[in-house]
Amino acid sequence: MIGWGICIATLDRPDVLRRTIAHALSQTVPPAQIVIVDASDGWQASRDAIAAMLQSRPAIRLDYVHSEIRSSTTQRNTGIALCDTEVIFINDVASMMQIFFAEAVQTH
């Protein structure tokens, strides 16, 4: 898939996850794909909240999966396997992207 994607491993931080996704969506070049691997017990509520954020952005593919294994390394590897964009940003759930970040990386 042409474009960039973001891969996020998360555990029990739904509010921070929503802020992280909001920052990704505010990029001057929007993501083509968002992959979230969530090991939280209440992961379905977070998935639904993120899907609602993307409802008006159908061009952005969301892959939101649950992980039984609570390991950031395992979760990231699971997410990377789901990514099929040219560029993948592997973010911590608390990483807030500056507005020109994706554009700057793609042009260099």
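Right above here is the structure, for reference.
Quick look at the structure, then. Keep in mind the model is a prediction, meaning the values are calculated, not measured. (Residues numbered from 1 in each chain as written. Predicted model: local features only at pLDDT ≥ 70, side-chain atom pairs only at ≥ 80, totals over all residues. Heavy atoms only, no water.)

## Side note on the packing of helix 1 (residues 14-25) against helix 2 (residues 43-53)
Piece 1. At their nearest, the axes of helix 1 and helix 2 sit 10 Å apart, and the two run at 25° to each other. In terms of axis orientation, helix 1 runs roughly parallel to helix 2. Here helix 1 and helix 2 pass one another in a crossing that is right-handed. Along its contact with helix 1, which presents P14, L17, R18, I21, A22 and L25, the element helix 2 presents S46, A49, I50 and M53.
Piece 2. Among the residues forming the contact of helix 1 with helix 2, the class breakdown is 8 nonpolar, 1 polar and 1 charged. (Axes fitted to C-alpha atoms, helices over the stretch in contact; angles between N-to-C directions. Helix = DSSP H or I, 4+ residues; strand = E, 2+ residues; numbered from the N terminus. Parallel < 35°, antiparallel > 145°, perpendicular 65-115°, else oblique. Left-handed = near helix turned anticlockwise from the far one by under 90°. Contact = heavy atoms within 4.5 Å. Nonpolar A, V, L, I, M, F, W, Y, C, P; charged D, E, K, R; others polar.)

## Overview of the sheet that holds strand 1 (residues 4-10)
Piece 1. Across the sheet, 4 strands lie side by side as 3-2-1-4; this open sheet has parallel pairing. The sheet is open, and its two borders are formed by strand 3 (61-66) and strand 4 (87-92), each paired with just one other strand. Direction aside, neighbouring strands of the sheet carry axes that sit 15° apart on average.
Piece 2. Where strand 1 lies against strand 2 (residues 33-38), 6 bridges are found, and the strand directions are parallel. (Pairing = 2+ DSSP bridges.)

## Section: the side chain of Q33
Piece 1. Checked against the element boundaries, Q33 lands in strand 2.
Piece 2. A polar contact is formed between the side chain of Q33 and the backbone oxygen of L82, at a distance of 3.0 Å.
Piece 3. A polar contact is formed between the side chain of Q33 and the backbone nitrogen of D84, at a distance of 3.0 Å.
Piece 4. Look past the residues within four positions of Q33 in its chain and what remains in contact with it is M1, W4, G5, I6, I60, R61, D63, L82, C83, D84 and T85. (Polar contact = N/O pair within 3.5 Å; in protein donor to acceptor, adjacent residues only side chain to side chain.)

## Observations regarding the nonpolar core
Piece 1. If you look at the biggest cluster of nonpolar residues, it comprises 16 residues, and the most contacted ones within it are L17, I21, I34, I36 and I50.
Piece 2. Within the residue set of this core, elements represented by two or more residues are strand 1, helix 1, strand 2 and helix 2.
Piece 3. Considering each element in turn, this core owes the most residues, 4 residues, to helix 1. (Core = buried A, V, L, I, M, F, W, Y, C linked by side-chain atoms within 4.5 Å. Buried < 20%, exposed > 50% of the residue type's maximum accessible area, 1.4 Å probe, protein only.)

## Overview of unusual backbone geometry
Piece 1. The backbone phi angle of D12 is positive, close to 55°, even though this residue is not glycine.
Piece 2. Secondary-structure assignment places D12 in the loop between strand 1 and helix 1.

## Details of the pattern of salt bridges
Piece 1. One pass over the full model with this rule turns up 5 salt bridges.
Piece 2. Between R47 and D48 there is a salt bridge, with its nearest N and O atoms 3.2 Å apart.
Piece 3. A relative accessible area of 44% places D48 in the partly exposed class.
Piece 4. Its salt-bridge partner being D84, residue R61 comes within 3.0 Å of it at the nearest N-O pair. Of this pair, R61 sits in strand 3 while D84 sits in the loop between helix 3 (72-82) and strand 4, and the two are 23 residues apart along the sequence.
Piece 5. Judged by its relative accessible area of 34%, D84 is partly exposed.
Piece 6. Salt bridges sharing common partners tie together R61, D63 and D84. (Salt bridge = Lys/Arg side-chain N within 4 Å of Asp/Glu carboxyl O.)

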